[in-house]
Each structure stands twice: as C-alpha cells, then as structure tokens.
Amino acid sequence: MTERQKKIRNFSIIAHIDHGKSTLADRLIEATHSVESREMEDQILDDMDLERERGITIKARAVRLAYKAADGEEYTLNLIDTPGHVDFNYEVSRSLCACEGALLVVDATQGIEAQTLANAYLAVDADLELVPVVNKIDLPSADVGRVREEIEDVIGIPAEGCPAVSAKTGQNIGDVLDAIVNDIPAPKGDENAPLSCLIFDSYYNSYLGVVVYVRVMDGTLRAGERIKMMSNGMEFDVVEVGYMHPLGLRRTDFIAAGDVGYITASIKNVSDTKIGDTVTHAEGGAESPLPGFKEALPMVFAGIYPADGAKYNDLRDALEKLRLNDAALSFAPETSVALGFGFRCGFLGLLHMEVIEERLEREFNLDLITTAPSVIYEVDLRGGERVRVDNPSNYPPPDEIERAYEPMVSASIITPTDYIGGIMELCTDRRGIFHDMKYIDTQRVELHYTLPLNEIIYDFFDALKSRSRGYASLDYEPAGYVESKLCKLDFLLNGDIVDALTFIVHEDKAYGRARKIALRLKDNIPRQLFEIPIQAAVGSRIIARETVKALRKDVLAKCYGGDITRKKKLLEKQKEGKKKMRKLGTVEVSPEAFMAVLRLDDES
Amino acid sequence: MAQRQNKRLGIYVHVPFCRHKCSYCDFYSYCPRDTRVYTAYVDALLSHMKSYKTVGADYMPDTVYIGGGTPTVLPPEELLRLIRGIKSSFRLSKNVEFSMECNPATAGYEELRRYRRAGVNRLSIGLQSVNAIELSALGRIHSARDFGVCFREARRAGFDNINVDLMFGIPYQTLDSWAATLKFAVSRSPEHISLYDLKLEPGTPLCDNASAYVFPDEDAEYAMYTFAIEFLERAGYRQYEISNFARQGKECRHNLKYWHCEEYLGFGPSAHSYFTDVRFSFKPSVSNYIKCIGGRTKDEMTDEYEEIPMRERLGEYIMLRMRLTEGIDSREFMRTFGKDFGMTYGSKLKKYIDGGYIVGSGGSYRFTPAGMFVSNYILSDILEFDADGHFAM
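Quick caveat, the model's predicted, so the values are computed rather than measured. (Residues numbered from 1 in each chain as written. Chains lettered and ligands numbered in written order. Predicted model: local features only at pLDDT ≥ 70, side-chain atom pairs only at ≥ 80, totals over all residues. Heavy atoms only, no water.)

S.K.: Just to check I follow, could you spell out the overall build of chain A for this structure?
M.R.: Of regular secondary structure, chain A possesses 15 helices and 32 strands. Computed over its C-alpha atoms, the radius of gyration of chain A comes to 27 Å, within 12% of the 25 Å expected for a compact globule of 604 residues. The principal-axis extents of the C-alpha atoms in chain A amount to approximately 85 × 70 × 55 Å. Counting over 604 residues, chain A shows a buried share of 57%. Contacts spanning at least 24 positions in sequence make up 69% of the contacts within chain A whose residues lie at least 6 apart. (Helix = DSSP H or I, 4+ residues; strand = E, 2+ residues; numbered from the N terminus. Rg over C-alpha atoms; globule rule 2.2 N^0.38 Å. Buried < 20%, exposed > 50% of the residue type's maximum accessible area, 1.4 Å probe, protein only. Contact = heavy atoms within 4.5 Å.)

What follows is the structure, given as structure tokens:
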C-alpha cells in the first residue's frame, strides 16, 4: 500500500428510504468544509429537482472530501452516494464494489427496515466494512439503545458505541468522520499493474460528452491515453481525468489505484459506458474484467403516448434525451389503435417508470397517457418457438400456446407484528409462496415470499402500505421465471377491443380484475348519445359486463335576459373538451378518464 | 331631416332586487337593506333611457320586458314611475307586448290593476312547483295557494296574457309530483308556460349543499321533460322553444327576439344588449350603475363588449334558431348567409338525424324533443370555434 493510498477512504452510505442518508451526506460535506456554507443547499448530492422533492436519490453520485483527522493527517474521503430504492439494486451493488466500507444509517425511531437489510447484505457480499450510524437522535421517540441492539442481533455486527448522531442538527457528526478514518480500511491495489477501473456511474454532459465515474482498482490513468471498455471492446482517447468536488469536476494529472474519479473521452452515448463494466488501457490492459458485470435489464414495460397525438416527435426527442443519461431506459415505437403513435418503454421497476414519466411531463412539458405497467412473459408456442411478450396486446392466442412463464421475485417484507395477518393475506391473495418469518425483535418480523412480479407492479406497494398503516417495507430481487396459467384479458367498448386496456392476468385473477376495470370504465366514461356496453373478455368468453347509459340531458334551458355570450362560452368550452377526447373505437374518452381507469393507487 | 325609421326593438329592464334570494339563483339580484336605493335606482334607469333619445329615434320598440330579481319588490310608486318612464323615453309601438315578472305574494289586486293601467299587458308569474317540499328546497317564499291568489287577482286586474314559470329537476321531485304541478298550472289556463330544468350553478346555496339533497337523475329529468311536452301539447300549449310553450299566437315576442337575433337594449346592472351589431352587458353592481349614470362615465359600467361580425352571426344564428321548434329554414339561411345549410352541415348532421335527434325535412332542420334535451352536446359538435373563442365558419 502506498503512502497515498493510506490517506484514502472510499465509502458509501446505505439506508432505508427516509432514514436520513442524504442529510448525513450534507453534514459530512459541511463538517469537512468542502463547500462554503453559503453555497450549501439541502441534499446537495441530489441535484435533480425530483430527487429533492421526493427526498430520494435516483442516480448514484460521488464526491471527494478533505478531512484533517485527530492524528493531524489530512485524509481524502470519497463518498459514493447510492440510490436507496429496490429498482436500482444493481447500481447499488456496483457502487458498493467501488468502496472498502459503508456507513449503515438506521433511524433511531424506526429501527431496521427492509432496505436497510437488503443493502446491508449487499455490502456484506461486497466484503465491505460496515460502520453503523444511528441517526435522528434529536427526535423524542429515538431509542438509540434498542436500535444498536437490533443492529447487533439482526445484522450481526458490533454496534455498541457506534456513532449516534442527528444529521439534521449536526450533533456528533465528528464521530462519524473519525469512524470513517479509523474503521474503514484504506484501498489496496497496484499503481503499476495493468489498468482496471470499475464504472459505477455515468452521465451525459453536453460539453464534455459522457462523464464516467470510476473506482481505479489497479494501475494509473492519464489524459491522452487510449482506453477500452471491456464488455464491448469500444475504444476512446481520454480527454480528462480528475475527481468530483461537491460543486463540480476538478481535473488532475492522473488517477491511480485506490482513487475514485472521473474520465471524459468524447463519448457520445451513456450506453457505451455500462455500469459495472471495466475500463482498461487499449494496449497492455488488464487480461480479464472485474467480476460482477451485468446488463441492466428492464423489468417493467408500459406504453407511453402523447395525450396530443401531434406531440409524438416531441416525445421521441424527450425520450432520446433522457436515455443519454439513463442506460436502463429502453423504448421502441409502437402503435395502438386506441392511443395512436407512442412508445413501448422498459424500466427497471415502478419507481424508475414514475421518475421517467414525471421527468417527461415536467422537464419536457408533455401530457402523457401511460398504459398499465406490464412485465415480460415468456411463451412456448406450439411450434416449439419461445417468444418474449412485453406488450399484453401482442400476447399469442390461447390455441397457439404450449406453455407460458412469468417472472417471479423473491421478496422480503418487514412489518410490525400487528400487521402480519393482513400482509400474509395480501401476499396469498397475490399468489405469493410463503417461505419463512423471522423475528427481528419482539415487535417486528421479516417475511419472505416468492411473488409474481406482475402482482407486485399492480398496486402492491399501496396495498402493503394501507394494510400496515405505512409501516411495512418491501424489498425484492428477480427470482427467475416459472410456468403459469396466464390469460389475456381484453376490454371491449361498444363491441370493439381497446388494445391499450388489455392485461395479462393469472386465470384465478381474471374475474376480479375484469369486474374492477369494467366498473371503473363505467364510472369514468362520460355518457354519450348512445348506450355503451363495456365487456371484459378472455378469448371469446365475456366475463364481466357494465353499461354506460345514453346521455339524456345536456341543455341550457334558460338564456336569461338575452345573455347569448354565456351560452356561446359554454359551447366553446364544451367543444374544447371534445377536442381532447380520444376515440376508443366509437367511444370518446378523455385522457384523464383513461388514466383514471388504469390508476393503480387504490385497493377498491 | 332624414326620414324617421320605425325599426323594431326590444327593451329589457333589470330590477335586481328580491325580498329573499332563491337558493338556486345565480342571476344578479339582492335584498337591499336600505330601501332608499329604490328611488336612486329608478332615477338612474330613467336617466339611462333618456340618453338613448337620439340613437333611439329610428326605433319603435315593440316589446318591453321588466325582469329581475323581482320587479314587484319595488314600491308601487317607483315601479309605476319606471313603467311611465319607459313609455315616455321611447316611441313604443301601438301593439307593444309589455311584460313584467312578478312573484306570488309580492303584489295584490290594487297594485296589479295600477300596473295594468299604466301599460303592462303581460304578466309572468313564478310558480315553479306546487309541492311545498320542493318549493322549500328552492328557497321560494310563497306557497301554491299564494300563486292561486296572485293569478286570480291578475286576471281580475285585467291581465289577459299571463305566463307561469315552472321548474323540474328539483330535489325530491318525482314524475308524479311534476305531473301534479303541470296539472295545477294548466287548470288555471294561463296563455303561456315556461319550464326550466334546474341547473346547479356554482356559488349558489343549493349547489354548495347539493350533497344534502336528493336530485332526480338524468333519466328521470328526461322523462319529466318529454312528459311535459306531451301533456302540454294535449292541453293546447304548443312548444315553440326548448323551454317555452304557448297557446296559439301567445308566444312571448320579447324572448323570440333573442332567438331571432333581433335587436334589444338592456337597462340596469347585468342587463345584456344586442344593438347595432354589438353584444354588450353592464357590470353586475347597482351602486356602480347609479354612480356611472350620475357621473356620465358610462364606459366604466360596461362589462362585456363584443362586435358581432358576419362569421359570428352565422354561428349565433344556428345556436339560437335551433332552440326553436321551427328550427332552421334552408331558404332563409341561404338568403341570410348565401350558403346551403344542408350542404354545409349535412355530413355532421347525418348521425343526429339517423339517431332521431334532428329532423331534416321540407327544407328545415329542427331538434326532436330528445335532441333539444341534449342540444348543447350536438351544437358543440356541429359548430366550430377559432382560437379566440369566436365562431368559425
């Protein structure tokens, strides 16, 4: 280990959502005087508006802090912030591999939650030194002793005497910095060995091209050298290397084994710099890549359409811009009879989908119609061919199907014991297979289930929250495909199938889902001059039926005292509303009504 | 000196006062605490009318309508002063239709006789319903009995042209109770009957408390409407407009001016006018009106002001004519706009004709009763608007 390496500490912060990870990062930046206090903003690492508003970290970030420790030595602390959501587990695991240690932040009032555990396991898998930090000790209901015990019992790491802080007030933040220096090992690695750098994040900058965040495991990299991405063999000339200051990039002459830094090399697409990939020299580089690389595969798919059909090109441009910074987002053009031209988009998960939708609407000012999310089904056809279906309306007809498979997840749910009954009932209802239940302490348990992913993406979070008064937490990871009895559920308005409303459901769920959606259609479709039959069908079998009665009354009876203007305005407003209507076959439906039918946020 | 013309004109005078504001009403009216406002207001109206002396010289108004509010809330002396003032401000036609609104229990025989003698020859009485529960939901302060007395005394006072206002879609109303109201009204044998479908207007007490009431649903209201059309037809009242029914020759000529796009001048706050190709209205404020008239700053009392160019007139023509059972006459349409109505709108009309909402025969297009009751839906489909909210051709 070189003298340089001895002064470096690479660490990340892992926590359940809302346990104060970003606030702690802010305090660390402040306490090391890395940013002048007048430049300080809350959640400085979360620089997307959306992240600040929701208090979540969507993309991983990294910063370098300079800290003068009690021993008088100056240390370089590289903090790698990780996304705290299950959708981004792979990104978390790569970020962790760039570190030697992690701060495990636990809320002193809440204790360990599902994501605390999931992330702690990821950190342990990555051989990291875990430093527990009990946060929010300023709250009246804080119970530091209990939470420390819980950490020792459940995760199995010593927590007695671990830092107990208030990231909000800054109380005891010094303890955390000392623990980082004293407890987290310095990085190893040979500066003279062939270069291998782990990519843990990248983003597109319109001046620099793609900025690649790396942890140098071995070797040294300088500007001007030619590099190669080991997963795809693409080569680039390095323009700049450096480190990440909290307020921006700072270039340096080189980055070397043990460093966390950035590379720019006039790279045009983030998809060329895949997270988890290894960067090495084009000549005389490493022989084998670092382990653990995976392509980020979308798990959840939905059709996204512009509410105004004329905005199709705007939507495409917007998606292309977002993809510059988000290699996990995929999209391909598709056409719906009901919704016109749009895109079938793939996401890592529901949160990822929500984030993309919101960014499209906010940053690009688009009104969207989004179909219900779906997963990828695999179908063995009678002819022996296997097809993957990401759009329910493309699901093959029953007589062509030999076998069908659906993706499963292995889920961990942590809940106060009071809600076990309701949650088990929910999981059973969602076709879950129970594995075990472990007591975390006397009041809380961890439940393990295998669940079909398509049940999770259909309002599972909300159902879980409502059955546990918001206390239960969920984490899951993919668990392969299993054979399943699936069927395609179509909805017909006035006799015509509305392709955008087609669902794939398990046979046992078809009736319930059919009735629920049919009723919502009835409640949301405005009365029109003719009666509109709503039917739900599996193949040619109608399994639910509702009717929207014909419009009878839409009249202004009185034009008082010759107020013609008022009547004119009324008709104009009505006309405007009509223009926004989408034709679903012969039936006119407003975009709002369509979205209301597909909304997943209630259990009714 | 140019030859004096005798152009037709309607005069509307708004009396924005009530004894008690009805719970569904969103027209401009209120219950004044200081009754001295009555005199000041009538002064302002008369002064406002006099200012039309020059412009109005070419006109011979053939309809007058005093509406409200409740005109009969004015003290008889003030109301008489207003009636006489109208007559002296304009050259009224000999066969003028001079209407006035009146609520039961706001005028007795004596007053009614004086109004009749002063020149009012048509009375419009608000009955709305004979059912006490329905009347109370509407916040009406009279009973069916009060109406009976008022009607009898109006007849006795010499009114041989009387309209009765009725309402349907009232909370708790049923087809049976509606039939009872219709029967009662017809039994008094008025010349004219108006029936208004109750519309919940935001900001009214009825609308704000709507959840506390049980309203008849859309289908029930449709049943009430079609029942009324048939019932009144049999009783000798012909429907001539969405909400209006009359004995032969007793159609309200003043209201017909609205639907026929003829000129009318409105006086008083919130009154609307259509005069010399301009639609305009005055701000809904008595105090502002009095101030502006007194100070001769009429610009500050104008609320809406819109010149009506030809393309706008075409849209208005369709919108307003289609309210009438006579509908649109293709020949007249051609004469007025140089366009063939059937050719221009035929493709859009077809589905409504096929669906039984519009009848197109004998060179005219008109709504069926079912079409009238969804006329906004159909008109908003047929008519086009430009980006500024004007009718487009």
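S.K.: Just checking my understanding: could you explain the overall build of chain B for this structure?
M.R.: Looking only at helices and strands, one finds 15 helices and 17 strands in chain B. At 21 Å, chain B has a C-alpha radius of gyration in line with the 21 Å of a compact globule built from 393 residues. Overall size of chain B, expressed as C-alpha extent along the three principal axes, is 60 × 60 × 40 Å. Within chain B, the proportion of its 393 residues that are buried is 57%. Once local pairs closer than 6 in sequence are excluded, the contacts in chain B between residues at least 24 apart make up 71%. Within the structure as shown, chain B displays about 16,200 Å² of accessible surface, and the carbon and sulfur contribution to it stands at 52%. Considering chain B, the positive charge centre built from 49 side chains and the negative charge centre built from 49 side chains are found 8 Å apart. (Areas by Shrake-Rupley, 256 points an atom, 1.4 Å probe, with all protein chains shown as cover. Lys, Arg positive; Asp, Glu negative; His and termini not counted. Charge placed at Lys NZ, Arg CZ, Asp CG, Glu CD.)

S.K.: Sorry if this is basic, but what is going on with the pairing of strand 15 (residues 364–367) of chain B here?
M.R.: Taken residue by residue, a regular strand's side chains alternate between the two faces of the sheet. Residues and elements named next belong to chain B. Inspection of the sheet shows strand 13 (residues 328–329) paired to strand 15 by 2 bridges, in the antiparallel sense. The partner of isoleucine 328 across the bridge, within strand 15, is tyrosine 365. What sits between the antiparallel neighbours strand 14 (residues 358–361) and strand 15 is a turn of 2 residues, in which glycine 362 has the positive phi angle 55°. (Pairing = 2+ DSSP bridges.)

S.K.: Mind showing me how you'd approach the environment of B:Glu77 here?
M.R.: Residue and element names in this part refer to chain B. Counting through the fold element by element, glutamate 77 comes out in helix 2 (residues 76–89). A residue is classified by how much of its surface remains accessible, and glutamate 77, at 49% relative accessible area, is partly exposed. As for glutamate 77 and phenylalanine 391, which are separated by 314 residues in sequence, their C-alpha atoms are 45 Å apart.

S.K.: Can you help me understand helix 2 of chain B in this one?
M.R.: Every α-helix winds through 3.6 residues per turn, so residues three or four apart in the chain are directed the same way. Look at helix 2 of chain B: 20 Å from first C-alpha to last across 14 residues, which is about the 20 Å you get at 1.5 Å a residue. Among all positions of helix 2 of chain B, only B:Glu78, B:Leu79, B:Leu80, B:Leu82, B:Ile83, B:Gly85, B:Ile86 and B:Ser89 are buried. (Expected span 1.5 Å × (residues − 1).)

S.K.: I tried to follow the interface of chain A and chain B on my own but got confused; where do I start?
M.R.: One frequent convention defines the size of an interface as the accessible area lost when the parts assemble. Listed per partner, the contact involves 32 residues of chain A and 50 residues of chain B. Where chain A abuts chain B, roughly 3,900 Å² becomes buried across the two surfaces, and 54% of that area is made up of carbon and sulfur atoms. One can count 13 salt bridges joining chain A with chain B. Note that A:Arg566 is salt-bridged to B:Glu201, the shortest N-O span being 3.2 Å. At the boundary of chain A with chain B, the tally comes to 30 residue pairs in polar contact (both at pLDDT 80 or more). (Buried area = accessible area lost by both parts, 1.4 Å probe. Salt bridge = Lys/Arg side-chain N within 4 Å of Asp/Glu carboxyl O. Polar contact = N/O pair within 3.5 Å; in protein donor to acceptor, adjacent residues only side chain to side chain.)

S.K.: How should the sheet that holds strand 19 (residues 368–370) of chain A be read in this particular structure?
M.R.: Adjacent strands of a sheet pair through backbone hydrogen bonds, lying either parallel or antiparallel. Residues and elements named next belong to chain A. Strand order across the open sheet formed by 4 strands is 17-18-16-19, with antiparallel pairing between neighbours. If you trace the sheet from one side to the other, it starts and ends with strand 17 (330–336) and strand 19, each paired once. Averaged over all pairs of adjacent strands, the angle between strand axes in this sheet comes to 30°, irrespective of strand direction. Judged from the 7 bridges that link them, strand 17 and strand 18 (residues 340–347) form a sheet pairing that is antiparallel. Paired with phenylalanine 331 across the strands is cysteine 345, a residue of strand 18. Along the sheet, helix 8 (residues 312–324) contacts strand 16 (300–306), strand 17, strand 18 and strand 19; its crossing angle with strand 18, the most-contacted strand, is approximately 15°. (Axes fitted to C-alpha atoms, helices over the stretch in contact; angles between N-to-C directions.)

S.K.: Can you help me understand the sheet that holds strand 5 (residues 129–135) of chain A in this one?
M.R.: Residue and element names in this part refer to chain A. Overall, mixed pairing links the 5 strands, which are arranged 2-3-1-4-5 in an open sheet. Bordering the open sheet on either side are strand 2 (61–68) and strand 5, each of which pairs with just one other strand. The average angle at which neighbouring strand axes cross in this sheet is 30°, direction not considered. As paired elements, strand 1 (residues 8–15) and strand 4 (residues 101–107) share 5 bridges and run parallel to each other. Paired with serine 12 across the bridge in strand 4 is alanine 102. Strands in contact with helix 2 (residues 21–31) are strand 1, strand 2, strand 3 (74–81), strand 4 and strand 5; relative to strand 1, the strand with the most contacts, it is inclined by about 150°.

S.K.: Explanation requested: the pairing of strand 11 (residues 240–245) of chain A in the structure shown.
M.R.: Residues and elements named next belong to chain A. Taking burial as the measure, the 6 residues of strand 11 include 6 buried ones, the bulk of the element. Taken together, the 3 bridges between strand 11 and strand 14 (residues 260–264) define a ladder with antiparallel strand orientation. Paired with valine 241 across the bridge in strand 14 is isoleucine 263.

S.K.: Would you take a moment to explain the pattern of salt bridges for this structure?
M.R.: It is possible for side chains of opposite charge to pair when their charged atoms get near one another. Tallied over the entire structure, the rule returns 66 salt bridges over all chains. In this structure, A:Lys509 engages A:Glu455 in a salt bridge whose closest nitrogen and oxygen atoms are separated by 3.6 Å. With A:Lys509 in the loop between strand 28 (503–506) and helix 13 (510–524) and A:Glu455 in helix 11 (residues 453–456), this residue pair connects regions lying 54 residues apart in the sequence. One exposure class covers both A:Lys509 and A:Glu455, and it is buried. Across the pair B:Asp354 and B:Lys350 runs a salt bridge, and its minimum N-O distance is 2.7 Å. Taken together, the residues B:Asp354 and B:Lys350, both in helix 13 (residues 341–354) and 4 residues apart, mark about one turn of the helix.

S.K.: Would you take a moment to explain the side chain of A:His281 for this structure?
M.R.: Residues and elements named next belong to chain A. Its location among the elements puts histidine 281 in strand 15 (residues 278–281). For histidine 281, a relative accessible area of 16% puts it in the buried group. Once residues lying within four places of it in the same chain are set aside, the contact partners of histidine 281 are Leu195, Thr220, Leu221, Glu225, Arg226, Ile227 and Lys228.

S.K.: For this particular structure, what's the right way to read a positive patch on the surface?
M.R.: Residues B:Arg145, B:Arg152, B:Arg156 and B:Arg188 make up a contiguous surface patch of positive charge. Accessibility expressed as a relative area gives 69% for B:Arg145, which makes it exposed. (Patch = residues over 30% accessible without salt bridge, like charges linked within 9 Å, V, L, I, M, F, W, Y side chains within 5 Å.)

S.K.: Sorry if this is basic, but what is going on with the nonpolar core here?
M.R.: Looking at soluble globular proteins, one finds that nonpolar side chains tend to be buried together. Core analysis: the largest hydrophobic core is formed by 123 residues, its most contacted members being B:Leu82, B:Leu195, B:Ile318 and B:Ile378. Sort the elements by how many residues they give to this core and helix 1 (residues 37–50) of chain B lands first, with 8 residues. Beyond its immediate stretch of four places on either side in the chain, B:Ile318 contacts B:Ile328, B:Phe333, B:Phe341, B:Tyr345, B:Leu379 and B:Leu383. By size, the runner-up hydrophobic cluster in this structure holds 50 residues, among which are A:Ile304, A:Tyr312, A:Phe331 and A:Phe343. (Core = buried A, V, L, I, M, F, W, Y, C linked by side-chain atoms within 4.5 Å.)

S.K.: Explain the domain arrangement of chain B to me, please; I cannot follow it from the model alone.
M.R.: Residues and elements named next belong to chain B. We note that the domain assignment places domain 1 (7–258) and domain 2 (328–392) within chain B. Between domain 1 and domain 2, the contact holds 9 residues from the first and 5 residues from the second. Each partner contributes to the roughly 580 Å² buried at the junction of domain 1 and domain 2, and carbon and sulfur atoms together form 83% of this total. Remark: the boundary between domain 1 and domain 2 carries 0 salt bridges. Our count for the domain 1 to domain 2 interface comes out at 0 residue pairs in polar contact (both at pLDDT 80 or more). Of all the elements in the fold, those that place two or more residues in the side of domain 1 that touches domain 2 are helix 8 (218–234) and strand 7 (238–241). With 4 residues, the top contributor of residues to the side of domain 1 that touches domain 2 is helix 8. Looking at the side of domain 1 that touches domain 2 residue by residue, the classes come out as 5 nonpolar, 1 polar and 3 charged. (Domains from an automatic or database assignment. Nonpolar A, V, L, I, M, F, W, Y, C, P; charged D, E, K, R; others polar.)

S.K.: Would you mind showing me how to read the packing of helix 8 of chain A against helix 9 (residues 350–363) of chain A here?
M.R.: Pairs of packed helices are described in terms of their axes, by the angle between the two and the distance that separates them. Residue and element names in this part refer to chain A. One can describe the packing of helix 8 onto helix 9 by two numbers: an axis separation of 11 Å at closest approach and a directional angle of 120°. In terms of their interaxial angle, helix 8 and helix 9 are classed as oblique. As helix 8 runs across helix 9, the sense of the crossing is right-handed. Contact residues: Leu315, Ala318, Leu319 and Leu322 in helix 8; Ile356, Arg359, Leu360 and Glu363 in helix 9. Tallied by class, residues from the contact of helix 8 with helix 9 come to 6 nonpolar, no polar and 2 charged. (Parallel < 35°, antiparallel > 145°, perpendicular 65-115°, else oblique. Left-handed = near helix turned anticlockwise from the far one by under 90°.)

S.K.: Would you explain the packing of aromatic side chains in this entry?
M.R.: By convention here, two paired aromatic rings are described through the distance between centres and the angle between planes. The final tally for this structure, using the stated rule, is 41 aromatic pairs over all chains. Site record: aromatic cluster; members linked through ring pairs are B:Phe17, B:Tyr28, B:Tyr30, B:Tyr38, B:Tyr41, B:Phe280, B:Phe282 and B:Tyr289. Between the NZ or CZ atom of A:Arg386 and the centre of the ring of A:Tyr405, over which it lies, the distance is 4.4 Å. Just above the ring of B:Tyr109 sits the side chain of B:Arg156; from NZ or CZ to the centre is 4.0 Å. (Phe/Tyr/Trp six-rings, centres within 6.5 Å; stacked < 30°, edge-to-face > 60°. Lys NZ or Arg CZ within 6 Å of the ring centre and 35° of its normal.)

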